Amino acid sequence: MSATHTDPVPTRRRVVDSAQYGLAAFLAVVGAVVVWDATTLEKGFADQPVQPYAMPYVVGAGLLLLAVLLAVATACGDVPEAEEGEDVDLSGGSDWVTVAKLTAVFVLNVALVEWLGWAITGAILFAGSAWALGSRSWVRDVAIGVALSLLTWYGFYVGLGIPIPAGVLDGVL
Amino acid sequence: MDLLLEGFQTALTPENLLYAVIGVLLGTAVGVLPGIGPAMTVALLLPITYNVEPSSALIMFAGIYYGGMYGGSTTSILLNTPGESSSVITAIEGNKMAKAGRAAQALATAAIGSFVAGTIGTVLLVLLAPTVADVVVQLGAPSYFAIMLLALLAVTTVLGSSKLRGFIALFLGLAIGLVGTVTGQSRLTFGSPLLADGIDIVVVAVAIFAVGEALWVAAHLRRRPLEIIPVGQPWMSKADWGRSWKPWLRGTAYGFPFGALPAGGAEVPTFLSYLTEKRLSKKPEEFGHGAIEGVAGPEAANNASAAGTLVPLLAIGLPTTATAAVILLAMQSYGIQPGPQLFDNEPELVWGLLASLFVANLLLLVINLPMAPLWAKLLQIPRPYLYAGILFFASLGAYSVNFQAFDLALLLAFGLLGLAMRRFGIPVLPLIIGVILGPRVEAQLTEALAISQGDVSTLWSEPVAVVVYVVIVMIALLLVVAKVRNRAVAQREDVDMGVDA
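Residues numbered from 1 in each chain as written. Chains lettered and ligands numbered in written order. Predicted model: local features only at pLDDT ≥ 70, side-chain atom pairs only at ≥ 80, totals over all residues.

A.B. asks: How should I be thinking about the overall build of chain A in this particular structure?
C.D. replies: Each helix and strand in chain A was counted, giving five helices and zero strands. Mapped in sequence order, the helices and strands of chain A form the string α-α-α-α-α. A total of 173 residues make up chain A; the buried ones form 35% of that total. Long-range contacts, defined as pairs at least 24 residues apart, comprise 63% of the intrachain contacts of chain A with a sequence gap of at least 6. (Helix = DSSP H or I, 4+ residues; strand = E, 2+ residues; numbered from the N terminus. Buried ≥ 20, exposed ≤ 12 C-beta atoms within 10 Å, placed from the backbone. Contact = placed C-beta atoms within 7 Å.)

A.B. asks: Honestly, the overall build of chain B in this entry has me stumped. Any pointers?
C.D. replies: Scanning chain B from N- to C-terminus turns up 19 helices and zero strands. Taking 2.2 N^0.38 as the reference for a compact globule, 501 residues should give roughly 23 Å; the C-alpha atoms of chain B span a radius of gyration of 23 Å, in line with that estimate. Out of the 501 residues belonging to chain B, those deemed buried represent 60%. Within chain B, contacts between residues separated by at least 24 positions form 80% of all contacts whose residues are at least 6 apart in sequence. (Rg over C-alpha atoms; globule rule 2.2 N^0.38 Å.)

A.B. asks: So what exactly am I meant to see when it comes to the nonpolar core here?
C.D. replies: Side chains of a nonpolar character, in soluble globular proteins, are inclined to be buried together. Residues and elements named next belong to chain B. Judged by nonpolar contacts, the single largest core of 209 residues is most densely connected at Ala 43, Ala 205, Val 206, Leu 411 and Ile 432. Considering each element in turn, this core owes the most residues, 17 residues, to helix α9 (residues 201-219). Setting aside chain neighbours within four positions, we find Ala 43 in contact with Ala 205, Val 206, Phe 209, Ala 210, Val 326 and Gly 397. Residues Ile 89, Ala 91, Ile 92 and Tyr 274 belong to the second largest nonpolar core, which totals five residues. (Core = buried A, V, L, I, M, F, W, Y, C linked by C-beta atoms within 7 Å.)

A.B. asks: Quick question: what am I supposed to make of the packing of helix α7 (residues 141-157) of chain B against helix α8 (residues 163-178) of chain B here?
C.D. replies: Packed helices, taken two at a time, are described by the angle their axes make and the gap between the axes. Residues and elements named next belong to chain B. Interaxial distance between α7 and α8 falls to 8 Å at its minimum, and their mutual angle equals 135°. By the angle between their directions, the pair α7 and α8 is classed as oblique. Contacts between α7 and α8 involve Leu 152, Thr 156 and Thr 157 from the former and Lys 163, Gly 166, Phe 167 and Leu 170 from the latter. Classifying every residue of the contact of α7 with α8 by side-chain character gives three nonpolar, three polar and one charged. (Axes fitted to C-alpha atoms, helices over the stretch in contact; angles between N-to-C directions. Parallel < 35°, antiparallel > 145°, perpendicular 65-115°, else oblique. Nonpolar A, V, L, I, M, F, W, Y, C, P; charged D, E, K, R; others polar.)

A.B. asks: Looking at this structure, how should I read the packing of helix α11 (residues 267-280) of chain B against helix α12 (residues 293-315) of chain B?
C.D. replies: Residue and element names in this part refer to chain B. Two elements in contact, α11 and α12, have axes separated by 8 Å at closest approach and are oriented at 150°. The pairing of α11 with α12 is recorded here as roughly antiparallel in orientation. In the packing of α11 onto α12, the handedness of the crossing is right-handed. Every residue of α12 that contacts α11 at Pro 269, Thr 270, Ser 273, Tyr 274, Thr 276, Glu 277 and Lys 278 is listed here: Glu 293, Gly 294, Gly 297, Pro 298, Ala 301, Asn 302 and Ser 305. Residue composition of the contact of α11 with α12, by class: four nonpolar, seven polar and three charged. (Left-handed = near helix turned anticlockwise from the far one by under 90°.)

A.B. asks: How should I be thinking about the domain arrangement of chain A in this particular structure?
C.D. replies: Where the parts come together, the accessible area they lose is often given as the size of the interface. When the domains of chain A are assigned, the result is domain 1 (12-75) and domain 2 (96-169). Averaged C-alpha coordinates put domain 1 of chain A and domain 2 of chain A at centres separated by 37 Å. (Domains from an automatic or database assignment.)

A.B. asks: Just to check I follow, could you spell out the environment of Ala 111 of chain B for this structure?
C.D. replies: Residue and element names in this part refer to chain B. Considering the arrangement of structural elements, one finds Ala 111 in helix α6 (residues 103-136). Sequence separation of Ala 111 and Phe 358 is 247 residues, and the distance between their C-alpha atoms is 15 Å. Contact partners of Ala 111, with chain neighbours within four places excluded, come to Tyr 70, Pro 234, Leu 365, Asn 368 and Leu 369.

A.B. asks: Help me out: how do you make sense of the domain arrangement of chain B in this one?
C.D. replies: All names here are of chain B. Structurally, chain B comprises domain 1 (2-137 + 144-223 + 232-461) and domain 2 (464-501). Relative to domain 2, the C-alpha centre of domain 1 lies at a distance of 30 Å. Each partner contributes to the interface: domain 1 provides ten residues, whereas domain 2 provides eight residues.

A.B. asks: When you look at the confidence of the model for chain B in this model, what are you seeing that I'm missing?
C.D. replies: Detailed reading of the predicted model is not advised wherever pLDDT is low. Per-residue confidence for chain B averages 86 on the pLDDT scale, and 95% of its residues sit at or above 70. Reported confidences for the modelled complex are a pTM of 0.86 and an ipTM of 0.88. (pLDDT = per-residue confidence, 0-100.)

A.B. asks: Please clarify how helix α13 (residues 322-333) of chain B should be interpreted in this entry.
C.D. replies: Three or four residues apart is the spacing at which side chains of an α-helix point the same way, because the helix has 3.6 residues per turn. Residue and element names in this part refer to chain B. Between its first and last C-alpha atoms α13 spans 17 Å; for twelve residues at 1.5 Å apiece the expected length is 16 Å, and the two agree. The element α13 is largely enclosed, with a buried count of ten among its twelve residues. Of the positions making up α13, those classed as buried are Ala 322, Thr 323, Ala 324, Ala 325, Val 326, Ile 327, Leu 328, Leu 329, Ala 330 and Met 331. Buried-residue contacts for α13 involve α3 (38-44), α4 (54-79), α9, α12 and α18 (429-451). Count one or two residues on from α13 and you reach Gly 335, which has phi positive near 80°. (Expected span 1.5 Å × (residues − 1).)

A.B. asks: Would you explain the confidence of the model for chain A in this entry?
C.D. replies: Confidence in the prediction for chain A averages 84 pLDDT; 90% of positions are at 70 or higher. Counting contacts from residues 1-13 of chain A, a segment whose pLDDT is below 50, to residues more than four positions away or on other chains yields seven contacts.

A.B. asks: Teacher, can you tell me more about the environment of Met 69 of chain B here?
C.D. replies: As for its position among the elements, Met 69 of chain B is in helix α4. In this structure the C-alpha to C-alpha distance between Met 69 of chain B and Leu 369 of chain B, which are 300 residues apart in sequence, comes to 14 Å.

A.B. asks: Would you explain the interface of chain B and chain A in this entry?
C.D. replies: Every contact between the two is made by 63 residues of chain B and, on the other side, 65 residues of chain A. Mapped by element, the contributors of at least two residues to the side of chain B that touches chain A are α4, α8, α9, α16 (383-402), α17 (405-423), α18 and α19 (463-500) of chain B. With eleven residues, α16 of chain B is the single largest residue contributor to the side of chain B that touches chain A. The residue makeup of the side of chain B that touches chain A, split by class, is 40 nonpolar, 15 polar and eight charged.

A.B. asks: Help me out: how do you make sense of the environment of Leu 313 of chain B in this one?
C.D. replies: All names here are of chain B. Mapping Leu 313 onto the fold places it in helix α12. Placed 287 residues apart in sequence, Leu 313 and Leu 26 show a C-alpha to C-alpha distance of 22 Å. When near neighbours in sequence (up to four residues on either side) are disregarded, Leu 313 contacts Leu 318, Pro 319, Ala 324, Ile 327, Leu 328 and Pro 338.

A.B. asks: Can you walk me through unusual backbone geometry in this structure?
C.D. replies: The phi torsion of most residues other than glycine is negative, and most of the peptide bonds are trans. Residue and element names in this part refer to chain B. Of note in this structure, Leu 188 is not a glycine but carries a positive phi near 55°. Assignment of secondary structure puts Leu 188 in the loop between α8 and α9. Among the residues examined, Leu 188 registers 24 C-beta atoms within 10 Å and is labelled buried. Residue Phe 403 is not a glycine yet carries a positive backbone phi of 55°. Looking at where Phe 403 falls in the secondary structure, it is placed in the loop between α16 and α17. Taking the number of C-beta atoms within 10 Å as the measure of exposure, Phe 403 has 14 and is therefore partly exposed.

A.B. asks: I'm lost on α18 of chain B in this one. Help?
C.D. replies: Residue and element names in this part refer to chain B. Here α18 contains 23 residues, and its C-alpha end-to-end distance of 32 Å stays within 8% of the 33 Å for a straight helix at 1.5 Å per residue. At Leu 437, α18 shows its largest kink, close to 35°, and the proline Pro 439 lies no more than four residues downstream. Where α18 terminates, the next one or two residues include Gln 453, which has phi positive at roughly 55°. (Bend = angle between axes of the 7 residues up to and from the residue.)

Next up, the structure:
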């Protein structure tokens, strides 16, 4: 049946998604940590039918096994089906720069939120994320960010009765 | 019946009605909006459970769940890029209809079909859930243990194309569920008091659903604007009605049982409904070119399955879809444990919730038919603002759990995990179900063995448990058979390719 078959696509087996080895390594590390942690647990009460380390051993061993299976599957040419969506365009490459920028904005929020308070860092988070995603109208981004963070702060305070820590703005808000 | 009428009294108070309206509006909006679905929305709204009445919050969440199913069809039809996996099938015929200038009819049959299916599904839910609860309440820990194992296995293997990746997600979820000091000793806390109480599932859910998705989209943001087909007021001719009503009913018949089974999900029933309509249609040649039956059936199926998933959620406390999992989290944050006792312990809440589902369905029909052109406008929201907004509310949701910057760091870490999972095609649902059910599996096993004083045979001492184990073995066998067959096919193809070369 394949005499007239002239498919230019090379054999499936050649394709190896080497990044998947990284995922397999990650699974192996998590599995090893889970097992190692289980070995540090002490035997519980004698009448405790399921010892505290029982589940961790099962889960850790499972993760180690899956790591091996994934590595083998990858070597055999198993390729993942990346997730699609309305705004997702998989035809081009992946734009990791944008992800790095977003991560940086996020880290900034983690570092500053306890000092500056949500009302300020929330605005930075929104404006920074919008910038990272390609918006270039600075004034509007910051204005929306400030409005959102103030609205949510007062919304939580008045509407839900939860005071979000105000940080440096303590007493101002 | 009296209970249901009392439920309507709960659901129709002005306050709860307002929450229902907010719920269906939000649900439709997020169903239409790209990149954000009902599970993510409920996860982002979990902070409101701190100060809103349980019945009001759950009524709103149920509205979001039903609304998301409606809104998803709008994008499928007008954009040909389904946002929810449950409306993938709708896009096949729906978008063809829209391109042929029949967008209004496609939207109408989707909305009315969803209403019909949602209403029938809710009636079945009202009839079934208390009965199931009566049966389940007599089960002991061994049966619960077996049912949870089945749910974990089913969610992992039935959905998605790669079983290996399903199990990877499940075991990562189970590992996250281990963290904490539930068993009396601290596991995987690395000596940190911040982890002693375990990782807050709200943070995990928001991170995996919202942050992971936003980062994934950010890495692949579509630069070309999407082609949106303009649409007017949805309406149907008499002929369209005649062609639609049977598929609605058949779709409902597929959707509800699949939703109610532990494997859950709307993907399989929508697909089956599509195949059935194609086979039964008097005009099979129209399929592939915009057959209205191909929209009516699957749309009814996905709404009926949404109603079906509430059966195991309310009667057993078993979530089978992502949205149901997050609604379960909301209940737990109120200290309410869904399950067989729920109908006795919280009758007002349950029946109010059930009654509100009828209200939500009617509201959805009313707001969807006239407002479809307006919803379509939502698709034009600037993407930087949409995804910046998602990150903003995700951070707020995670921060508001304990007001600790540490939770935000966890949010980022799990968000990056969510990004990696999307990159490597690893399904999200098994992870979330693993985090939720993992500790409960361990607790049921402990309870069963404590009662039997360590005698393992107690695990198959109940008839229900035995039946469930038989089902588990059958699923496992089917998987092995399918695998062997696939391998045989693959080898044959390889031989063919060898001939080519």
